[in-house]
Amino acid sequence: MIRGLGTAINVTSIVTGAGIGVIAGSKFKESTRELVTSTLGFVTLLAAADAIKSLWDKKFITALPAGWTFLVVLAALLVGTLLGLALGIEPFLERFGRSLKNRFDRHGESPFVEGFVASSLLFVIGPMAILGSISDGMGAGNQQLVLKSILDGITSIAFAASFGWGVAASAIPVGIYQFAWTGVGAILGSVLPDYQILAMTTTGGILLLGISFRLIKIREVPVATMLPAIFLAPLFAGLAHQFL
């Protein structure tokens with residue numbers, strides 16, 4: 001598996017979708033886009049289940065005391081969510097998006113800039129960009145980024161139909177951002193033992209479950225607030241391995 005391939009696919013999908021949007025995006029009905037998004041939500045649900053099954057991996061189970069695999073993931077999610085709330089991650093991302101919009105195109109006078117800023121934020125600020133890139137860097141597969149690529153491609157068609165080629169330009173910050181997280185994943189994959197990687201994978205699967213709920217419109221789960229759990233999971237797994 002080539003590390004970084006998932007982001008390369010993602011960047012290509014954005015540019016391709018933008019091209020289609022500029023040429024024929026207005027012909028796609030909103031109901032069609034919503035149906036495809038819901039379908040991808042169910043596929044994301046499968047990806048979440050595939051990641052969560054790491055909870056029962058023998059390497060994870062044997063590295064921790066009996067029953068502690070579940071407790072480690074639970075602790076990471078609870079503490080991570082509380083930390084995310086304390087840090088105000090979700091409101092910060094929303095304020096950051098608004099500030100960029102106000103700075104670069106306060107009155108919406110430039111369709112190119114408007115499309116660039118709006119689509120960059122949409123494609124970059126999201127848990128799947130981080131989760132998928134880390135997984136890709138760790139060599140755990142790029143399925144999550146492939147799913148994100150399909151979603152971003154469809155979204156870029158809709159955006160480009162209104163904002164033009166500025167949407168395609170958003171592929172540049174997306175590539176830089178996700179390649180950086182892929183690098184983080186590559187470092188983690190080379191220094192963390194298998195059981196800690198499995199703890200991250202399982203916790204990431206729970207977050208993917210939240211993303212699937214949002215796509216299917218079951219519930220707007222604040223997944224961004226839960227992101228610290230990804231980094232706490234291997235830490236808690238290491239503590240349980242060493243001291244229990």
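The structure displayed is predicted, hence computed values, not measured ones. (Residues numbered from 1 in each chain as written. Predicted model: local features only at pLDDT ≥ 70, side-chain atom pairs only at ≥ 80, totals over all residues. Heavy atoms only, no water.)

### Brief notes about the side chain of Ser135
Among the structural elements, Ser135 can be located in helix α7 (residues 127-137). Judged by its relative accessible area of 13%, Ser135 falls in the buried class. The residues touching Ser135, leaving out its near neighbours within four places in the chain, are Ala140, Gly141 and Gln144. (Helix = DSSP H or I, 4+ residues; strand = E, 2+ residues; numbered from the N terminus. Buried < 20%, exposed > 50% of the residue type's maximum accessible area, 1.4 Å probe, protein only. Contact = heavy atoms within 4.5 Å.)

### What about the packing of aromatic side chains?
For the coordinates displayed, the defined rule picks out 2 aromatic pairs. Between Tyr177 and Trp181 the ring centres are 6.5 Å apart and the planes differ by 75°, which places this aromatic pair in the edge-to-face class. Here Trp181 and Tyr177 lie together in helix α10 (residues 171-191), a separation of 4 residues that amounts to about one turn. Using a relative accessible area of 26% as the deciding quantity, one classes Tyr177 as partly exposed. (Phe/Tyr/Trp six-rings, centres within 6.5 Å; stacked < 30°, edge-to-face > 60°.)

### Topic: the nonpolar core
Core analysis: the biggest nonpolar cluster contains 41 residues, and Phe60, Leu64, Met200, Leu207, Leu208 and Ile211 have the highest contact counts within it. Counting residues per element, this core draws most heavily on helix α11 (residues 194-216), at 9 residues. Not counting the four nearest positions on each side in its chain, Leu207 is found in contact with Leu77, Leu131, Val223, Met226, Leu227 and Ile230. Membership of the second largest hydrophobic core comes to 9 residues, among which are Ile14, Ala18, Phe123 and Val124. (Core = buried A, V, L, I, M, F, W, Y, C linked by side-chain atoms within 4.5 Å.)

### So, the pattern of salt bridges
Evaluation of the coordinates by the stated rule reveals 4 salt bridges. As a salt-bridge pair, Asp194 and Lys59 come within 3.4 Å of each other at their nearest N and O atoms. Taken together, the positions of Asp194 in helix α11 and Lys59 in helix α3 (residues 58-63) put the pair 135 residues apart, joining distant regions of the chain. Between Arg214 and Glu220 there is a salt bridge, with the nearest N and O atoms lying 3.3 Å from each other. Taking relative accessible area as the criterion, Glu220 reaches 56% and is therefore assigned exposed. (Salt bridge = Lys/Arg side-chain N within 4 Å of Asp/Glu carboxyl O.)

### A closer look at the layout of surface pockets
The volume enclosed by the second largest pocket comes to roughly 350 Å³. For the second largest pocket, the lining is made up of 20 residues, of which Ala51, Ser135, Ala140, Gln144 and Thr201 are closest to its centre. Going through the elements one at a time, α2 (30-52), α7, α8 (143-163) and α11 are the ones with two or more residues in the lining of the second largest pocket. In terms of residues, the lining of the second largest pocket owes the most to one element, α11, which gives 6 residues. Taken together, the residues that form the lining of the second largest pocket break down as 10 nonpolar, 8 polar and 2 charged. (1 Å grid on protein atoms, 1.4 Å probe; cavity = no way out; pocket = protein on both sides within 12 Å on 5 of 7 lines; lining within 4 Å. Points joined across faces, edges and corners; volume = space filled by probe spheres on them. Nonpolar A, V, L, I, M, F, W, Y, C, P; charged D, E, K, R; others polar.)

### So, the side chain of Asp136
Positionally, Asp136 belongs in helix α7. The charged side chain of Asp136 is buried without a salt bridge, its nearest counter-charge being Arg3 at 6.8 Å. What Asp136 contacts, discounting residues up to four positions off in sequence, is Ile2, Arg3, Gly4, Leu5, Gly6, Thr7, Gly141, Asn142, Leu145 and Thr182. (Lys, Arg positive; Asp, Glu negative; His and termini not counted.)

### Structural notes on α8
The first and last C-alpha atoms of α8 sit 29 Å apart over 21 residues, in line with the 30 Å expected at 1.5 Å per residue. Just past α8, the residue Gly164 takes up positive phi, approximately 75°. (Expected span 1.5 Å × (residues − 1).)

### Regarding unusual backbone geometry
In this model, Lys217 sits at a positive phi of 65°, which is unusual for a non-glycine residue. The topology assignment puts Lys217 in the loop between α11 and α12 (228-243). A relative accessible area of 62% means that Lys217 is categorised as exposed.

### A closer look at a nonpolar patch on the surface
A surface patch of nonpolar side chains, about 960 Å² in accessible area, is lined by Trp68, Phe70, Leu71, Leu74, Leu78, Val79, Leu235, Leu239, Phe243 and Leu244. Among the secondary structure elements, those contributing two or more residues to the nonpolar patch are α4 (68-87) and α12. Here the element with the most residues in the nonpolar patch is α4; it accounts for 6 residues. Mapping Leu239 onto the fold places it in helix α12. (Patch = residues over 30% accessible without salt bridge, like charges linked within 9 Å, V, L, I, M, F, W, Y side chains within 5 Å. Areas by Shrake-Rupley, 256 points an atom, 1.4 Å probe, with all protein chains shown as cover.)

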